[in-house]
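Examining the three-dimensional arrangement
Each chain is listed here by its residues.
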Amino acid sequence: MIKAILIDDEPLSIEALKMKILKASDEIEIIKTYTSASEAMVKIEKLAPDVIFLDVEMPELDGFQFLENFPNRCFEVIISTAHDEYAIQAVRQSALDFLLKPVSVLELSTAIDRLIQKLNAKNKAGKSSYRMVDAQFDKIPVPSLRGITFVPLTDILYLSSEGNYTMIYLENKQKIVSSRNLGDYEAMMANLNFFRIHHSTVINLWHIREYLRGEGGSVVLKDGTELDVSKRRKKEFMEVIGF
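One structure accompanies this document, and this report is about it.

Reading guide: rules and limits
- Residues numbered from 1 in each chain as written.
- Predicted model: local features only at pLDDT ≥ 70, side-chain atom pairs only at ≥ 80, totals over all residues.
- Heavy atoms only, no water.
- Pairing = 2+ DSSP bridges.
- Helix = DSSP H or I, 4+ residues; strand = E, 2+ residues; numbered from the N terminus.
- Axes fitted to C-alpha atoms, helices over the stretch in contact; angles between N-to-C directions.
- Salt bridge = Lys/Arg side-chain N within 4 Å of Asp/Glu carboxyl O.
- Buried < 20%, exposed > 50% of the residue type's maximum accessible area, 1.4 Å probe, protein only.
- Right-handed = clockwise from strand over helix to strand, strands pointing away.

Examining the sheet that holds strand 11 (residues 194–198)
In space, the five strands of this open sheet follow the order 10-9-8-12-11, with antiparallel pairing throughout. With one partner strand each, in any of the chains shown, strand 10 (175–178) and strand 11 form the two edges of the open sheet. The average undirected angle you get between the axes of adjacent strands in this sheet is 20°. Strand direction decides the pairing type here: strand 8 (residues 156–162) and strand 12 (residues 201–204), joined by three bridges, are antiparallel. In the sheet register, Leu159 faces strand 12, and the bridge partner there is Val202.

In structure tokens:
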């Protein structure tokens, strides 16, 4: 799930953008909204968003002044403004996209697709060390209070996103809470017979018992658990299972 923050000094603009983002994609989780860039600035590090949808003209601290406080930022930025004269500044600030208000759902969908591609590229670049561990031990490392627990891949039925945490459901009915997010595990287990069927769910393909048809459909695992497949991922999932 892609964690997003919206910053705009107009509450009505925030609500309109939220509705359009939800229509444009089921990959985005809006974790916080702010009408003050100054207030948002002190919370960003703790919230660790993947992307910020940012207005430009705001009192106290405008959008570009806000970005100057994050010279080595770890989040992407999509500028949303009613003023086209800021396009060049947006490029200079390395914004992923520049959208003019009123933003259309189609424009948002295109911007989010670009965002997903960029975040996927980052994940692929950072997963090589995890693959070495997996290939050697056939296990994934799960941080715990005591240290690191290595969980056999064959024991995992599926993984589910719970906010900033991941729940790992095992064949023996146990479940493990991990402080890593689901995207980290998706990267760790790339090409290891796991597939993300929904923004909040990664399944072990070895444990599928049945696929039930529907708009997106659903899978039934060997323990009887039924999980939704998102419409967006259905085509790729059907190809993976050979249909």
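Things to note about the pattern of salt bridges
Inspection of every chain in the model, using the stated rule, returns twelve salt bridges. Between Lys118 and Glu76 there is a salt bridge, with its nearest N and O atoms 3.2 Å apart. Taken together, the residues span a long stretch of sequence, with Lys118 in helix 6 (residues 105–125) and Glu76 in strand 4 (residues 76–81) at a distance of 42 residues. For Lys118, a relative accessible area of 36% corresponds to the partly exposed category. Residue Asp113 pairs with Arg232 through a salt bridge whose shortest N-O separation is 2.4 Å.

What to know about the pairing of strand 5 (residues 97–100)
Residues Asp97 and Leu99 line the buried face of strand 5, whereas the alternating positions Phe98 and Leu100 sit on a face that is not buried. Bridge analysis of strand 4 against strand 5 gives four bridges, and the strand direction is parallel. Within strand 5, the residue paired with Ser80 across the bridge is Leu99. Once you follow strand 4 into helix 5 (residues 87–92) and on to strand 5, the crossover reads as right-handed.

With respect to unusual backbone geometry
Phi is mostly negative for residues that are not glycine, and the peptide bonds are mostly trans. Cis peptide bonds are those with omega within 30 degrees of zero, and the linkage from Lys101 to Pro102 qualifies with -5°. Inspection of the secondary structure assignment puts Pro102 in the loop between strand 5 and helix 6. Not every positive phi belongs to a glycine, and Ser94 is a case in point at roughly 60°. Inspection of the secondary structure puts Ser94 in the loop between helix 5 and strand 5.

Considering the sheet that holds strand 5
Ordered by their spatial adjacency, five strands build an open sheet running 2-1-3-4-5, and the pairing between neighbours is parallel. Each of the sheet's edge strands pairs with one partner strand only, and the pair in question is strand 2 (28–34) and strand 5. If you compare each strand with its neighbour and ignore which way they point, the axes differ by 20° on average. As judged from the six bridges shared by strand 1 (residues 2–7) and strand 2, these two strands associate in the parallel manner. Counted as the bridge partner of Lys3 is Glu29 from strand 2.

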